[in-house]
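Each chain is listed here by its residues.
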Amino acid sequence: MSRPSQPKLTTSDHNGVSVIQSQAHASSSSSLSAAVAGLQQVPQLVPANSSAGGGKALPPSKMKKPPADKDSEEYRQRRERNNLAVKKSRMRSKQKAMDTQQRVNELKEENERLEAKIKLLSKELSVLKDLFLEHAHNLADNVQPPAGAEGSSPAPNNASTNGQ
C-alpha cells in the first residue's frame, strides 16, 4: 500500500521560518474549501536563509536588535555607557604606550651605563695584561741558567760573566 506523493505547500511565518504543509488525502473532485480544510500543518522548521551556518543558533550578542529610537532613555544610556567604555579603553591604551616608552628609556640608559662599564673594564684588562707581560719578561731576564747546563741554554747578555 504505497501512498501517492502529496503536494506540499511552503509558507513563511513572521519570524522568517519556513513551515512545510502537506495536503491531506483529498480527491481531485473536492472543492477548494475542502482542500484548504484538509491541509495539515507539519511542524518542520526550515531556516529561511541558509547563511546561518550549519543550523546553529546565533548567540544573543550577535543577534541584531531593532534600532532604538534616538530620543529614548534606553538609547541615551547605552550611548553613555559606550562613550565611557571607549574613553576608558583609549586611556588604557595611552597609559600602556607611556609605560612602554618609559621602559624603553630606562633600558637605553642602562645599556649606555653597561657599555661605559665594558669600556672601562676593557681598558683595565689591557693595562693588567701589559703589566703581567712586562713582569713575566723581567722574570725571564733575571733567571740564571744552572751551572751544568751552559751548552743547552743561551748565556745571559751580561759582560761581567764572560770573564773579561
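Here the structure is a predicted model, which is why all the values come from computation and not from measurement.

Definitions and cut-offs
- Residues numbered from 1 in each chain as written.
- Predicted model: local features only at pLDDT ≥ 70, side-chain atom pairs only at ≥ 80, totals over all residues.
- Heavy atoms only, no water.
- Helix = DSSP H or I, 4+ residues; strand = E, 2+ residues; numbered from the N terminus.
- Buried < 20%, exposed > 50% of the residue type's maximum accessible area, 1.4 Å probe, protein only.
- Areas by Shrake-Rupley, 256 points an atom, 1.4 Å probe, with all protein chains shown as cover.
- Patch = residues over 30% accessible without salt bridge, like charges linked within 9 Å, V, L, I, M, F, W, Y side chains within 5 Å.
- Salt bridge = Lys/Arg side-chain N within 4 Å of Asp/Glu carboxyl O.
- pLDDT = per-residue confidence, 0-100.
- Contact = heavy atoms within 4.5 Å.
- Lys, Arg positive; Asp, Glu negative; His and termini not counted.
- Charge placed at Lys NZ, Arg CZ, Asp CG, Glu CD.

Colleague: So what about the overall build of the chain? Which residues, and what values?
Modeller: When you go through the chain residue by residue, the secondary structure sums to two helices and three strands. Secondary structure elements of the chain, listed N to C terminal, follow the sequence β-β-α-β-α. Scored against the burial criterion, the 164 residues of the chain give a buried share of 4%. Entry remark: accessible area of the chain is about 15400 Å², with carbon and sulfur atoms responsible for 56%.

Colleague: Break down a nonpolar patch on the surface for me, with residues and values.
Modeller: A surface patch of nonpolar side chains, about 280 Å² in accessible area, is lined by Val127, Leu128 and Leu131. Here Leu131 shows up in helix H2 (residues 73-142).

Colleague: Quick rundown of the confidence of the model for the chain? Include the residues and the values.
Modeller: Residues with a pLDDT of 70 or more make up 50% of the chain, whose mean pLDDT is 74. Per-element confidence in the chain is highest for H2, whose mean pLDDT is 96, and lowest for helix H1 (residues 32-37), whose mean pLDDT is 53. In this model, residues 24-30 is a region of pLDDT below 50 whose contacts with residues beyond four sequence positions or in other chains number two contacts.

Colleague: Pulling in residues and values, what's your account of a negative patch on the surface?
Modeller: A cluster of like negative charges, contributed by Glu106, Glu109, Glu112 and Glu115, occupies part of the molecular surface. Within the fold, Glu115 resides in helix H2.

Colleague: So what's going on with the pattern of salt bridges? Which residues, and what values?
Modeller: Using the criterion set out here, one finds three salt bridges in the structure. Across the pair Arg78 and Glu74 runs a salt bridge whose closest N-O atoms are separated by 3.5 Å. Of this pair, Arg78 and Glu74 both sit in helix H2, four residues apart, which is roughly one turn of the helix. Residue Arg78 is classed as partly exposed on the basis of its relative accessible area of 30%. A salt bridge links Glu80 to Arg76, with the nearest nitrogen and oxygen atoms 2.7 Å apart. Here Glu80 and its partner Arg76 are both found in helix H2, four residues apart, which amounts to about one turn of the helix.

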